[in-house]
Amino acid sequence: MRISTAQMYQKNITSVLDRQSATSKIMEQIASGKKVNTAGDDPIAAIGIDNLNKKNALVDQYIKNIDYANYRLSLAESKLGGAQELVSTMKEQVLSAMNGALDGTDRQAIATDIKANLEALLGIANATDESGNYIFAGNKTSSPPFAFDASGQIVYSGDNGIRQAIVASGITIGTNLPGDNAFMKAPNPLGDFGVNYLPGQQGDLYINSAKIADPASHVAIAPEQYTFSFSDNGAGGLDLQVTDSAGNNQVFPNFDPSQPVSFNGIEVSLDGAPAAGDSFTLTPQTEVNVFDTMEQIVTILNDPSKMGTPQGDSELAQLLNQIDNCAEEIDINRGIAGNELKKIEDYQSAHTEEKLINTSALSMLEDLDLAEAITELQKQQLALSAVSNVFTKVGSTSLFDYL
């Protein structure tokens, strides 16, 4: 078979170009440190690399969300820890003020300290993050969630919205704690009703519980209020009369404080030794808040007509129980933050491990063995040199050289 000069030239040029292309490809791989720079280098590996890069990008976003959630929850948990300390301090101050050896001036000084701590607690409840957003305001982060209303009471103007962060596929974590849950919604230690001890009390009287024991038989007459009045029965004991807001009376003769009082589906447990003429009222109240509780305590400590009286002692004892419930509610919300922090820590560990596995797989698919690549480059350069030399010699060959 004869080979034309054109065919010979074309074949040699193709060989040179192939060797140049192979050499250029290896040099590009060495420069990038990757053995797959385009899909054409290895289509199957390129698909795997693209999938792994997408997975890592998603994991990176999850980790960013986790960092965001971790900061917000850590900040809330820290602030609630400070609130717990303040509430504990105020409780100790109340107990000190109940010392009978103190005079009115001493109690007023303690009341001033409690008021200062209460303002510090309000500052915690209105704390902001680094961007100036109020951390206990729910979704209304642009304005203080707690403020005084026209009557001088602290009210909550935020909402109970919880901002969510996606920390894994199909998994969200709340990044905030609404302030009303933490500071305003402690369960009433009495149950379903609040007590108001009335002036003139002479006996040692205390309400242990007041709750709706039989909802089916309970009939509420608005405005629902029950007045308890004790009177001498003339036989060395006391009769108890319970009057509702409609004026309906129910008498319990020979009152025994060891037995609960039941009426209208309500059960009230009392303790102590009431005296004839003592009275108190019950009104619906299922929740208490730390701000109102401490404000009431400050008012009592500054009122000489109550301090050291049976009425004042009963009120302070009741308020101390409310402090305990308020502190416990703050602790519960702090625990919620702690539990969420533990969850995101677990997810973060899982994501870190997943990214390590993905990165290892990526390395196997795309990372270049530099020593092997340099050896291959030298082989290709040698082959290119050989092909070039052959092409040069063949190209310069003439028939006249053999004549």
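Look a little higher up for the structure.
Throughout what follows, the structure given in this document is the object of discussion. (Residues numbered from 1 in each chain as written. Predicted model: local features only at pLDDT ≥ 70, side-chain atom pairs only at ≥ 80, totals over all residues. Heavy atoms only, no water.)

**Examining helix α5 (residues 290-301)**
Okay, step 1: When the terminal C-alpha atoms of α5 are compared, their 17 Å separation across 12 residues agrees well with the 16 Å that a helix rising 1.5 Å per residue should span.
Okay, step 2: The buried count for α5 comes to 9 of 12 residues, which makes it a mostly enclosed element.
Okay, step 3: For α5, every residue scored as buried is listed here: Val290, Phe291, Thr293, Met294, Glu295, Ile297, Val298, Ile300 and Leu301. (Helix = DSSP H or I, 4+ residues; strand = E, 2+ residues; numbered from the N terminus. Expected span 1.5 Å × (residues − 1). Buried < 20%, exposed > 50% of the residue type's maximum accessible area, 1.4 Å probe, protein only.)

**Things to note about the pattern of salt bridges**
Okay, step 1: Across all of its chains, the model carries 11 salt bridges by this definition.
Okay, step 2: Lysine 342 is the partner of aspartate 346 in a salt bridge, and the nearest nitrogen-oxygen pair spans 2.9 Å. Pair noted here: aspartate 346 and lysine 342 are both in helix α6 (residues 310-366), with a separation of 4 residues, about one helical turn.
Okay, step 3: Residue aspartate 346 is classed as partly exposed on the basis of its relative accessible area of 41%.
Okay, step 4: According to the relative accessible area criterion, lysine 342 is partly exposed, its value standing at 44%.
Okay, step 5: Taken together, the salt bridges that share partners define one network made up of Arg72, Asp129 and Glu130. (Salt bridge = Lys/Arg side-chain N within 4 Å of Asp/Glu carboxyl O.)

**Remarks on the side chain of glutamine 322**
Okay, step 1: Within the secondary structure layout, glutamine 322 lies in helix α6.
Okay, step 2: Accessibility expressed as a relative area gives 10% for glutamine 322, which makes it buried.
Okay, step 3: Contacts of glutamine 322, omitting those with residues within four sequence positions, involve Pro189, Val288 and Thr293. (Contact = heavy atoms within 4.5 Å.)

**Overview of the sheet that holds strand β12 (residues 266-273)**
Okay, step 1: If you trace the 3 strands from one edge of the open sheet to the other, you get β7-β12-β11, paired in antiparallel fashion. Of all the strands in the sheet, just β7 (204-212) and β11 (261-263) have a single pairing partner and so form its edges. Strand-to-strand twist across the sheet, computed as the mean angle between neighbouring axes with direction ignored, equals 20°.
Okay, step 2: In terms of strand pairing, β7 meets β12 through 8 bridges, oriented antiparallel. Looking across to β12, one finds that alanine 210 is bridged to valine 268. (Pairing = 2+ DSSP bridges. Axes fitted to C-alpha atoms, helices over the stretch in contact; angles between N-to-C directions.)

**Description of the packing of aromatic side chains**
Okay, step 1: Applying the stated criterion across every chain, the model contains 12 aromatic pairs.
Okay, step 2: Between the aromatic rings of phenylalanine 136 and phenylalanine 183, the centroid separation amounts to 5.6 Å while the plane-to-plane angle is 85°, which identifies the pairing as edge-to-face. Of the two residues, phenylalanine 136 sits in the loop between α3 (104-125) and β1 (146-148) while phenylalanine 183 sits in helix α4 (residues 179-184), which places them 47 residues apart along the sequence. Neither residue differs from the other here; phenylalanine 136 and phenylalanine 183 are each classed as buried.
Okay, step 3: Residues phenylalanine 230 and phenylalanine 255 carry aromatic rings whose centres are separated by 5.2 Å and whose planes lie at 70° to one another, so their mutual orientation is edge-to-face. A residue pair is termed long-range when its members are at least 10 positions apart, and phenylalanine 230 in strand β8 (residues 226-232) and phenylalanine 255 in the loop between β10 (249-252) and β11 qualify at 25 residues.
Okay, step 4: For phenylalanine 230, a relative accessible area of 3% gives the class buried.
Okay, step 5: The rings of Phe193, Tyr197, Tyr226, Phe228, Phe230, Phe255, Phe263 and Phe280 are connected pair by pair, giving a single aromatic cluster. (Phe/Tyr/Trp six-rings, centres within 6.5 Å; stacked < 30°, edge-to-face > 60°.)

**Some thoughts on the packing of helix α2 (residues 43-97) against α5**
Okay, step 1: One can describe the packing of α2 onto α5 by two numbers: an axis separation of 12 Å at closest approach and a directional angle of 25°. Classified by the angle their axes make, α2 and α5 are roughly parallel. For the pair α2 and α5, the sense of crossing is left-handed. Contacts between α2 and α5 involve Val87, Met90, Val94 and Ala97 from the first element and Val290, Met294, Ile297 and Leu301 from the second. (Parallel < 35°, antiparallel > 145°, perpendicular 65-115°, else oblique. Left-handed = near helix turned anticlockwise from the far one by under 90°.)

**Some words on the pairing of β8**
Okay, step 1: Taken together, the 7 bridges between β8 and strand β9 (residues 238-244) define a ladder with antiparallel strand orientation. What sits directly across from threonine 227, in β9, is threonine 243.
Okay, step 2: The loop that links β8 with its antiparallel partner β9 comprises 5 residues; one of these, glycine 234, has a positive phi angle of about 80°.
Okay, step 3: In this structure, β8 lies alongside strand β13 (residues 279-284), joined through 4 bridges in antiparallel fashion. Across the sheet, the residue bridging to tyrosine 226 is leucine 282, located in β13.

**Remarks on the sheet that holds β10**
Okay, step 1: If you walk across this open sheet you meet the 5 strands as β6-β13-β8-β9-β10, and the pairing is antiparallel. The open sheet is flanked by β6 (193-197) and β10, the only strands paired with a single partner. Taken pair by pair, the neighbouring strands of this sheet meet at an average axis angle of 20°, ignoring direction.
Okay, step 2: In this sheet, β10 lies alongside β9 in antiparallel orientation, the contact comprising 4 bridges. Bridge pairing in β10 links valine 242 to glutamine 250.

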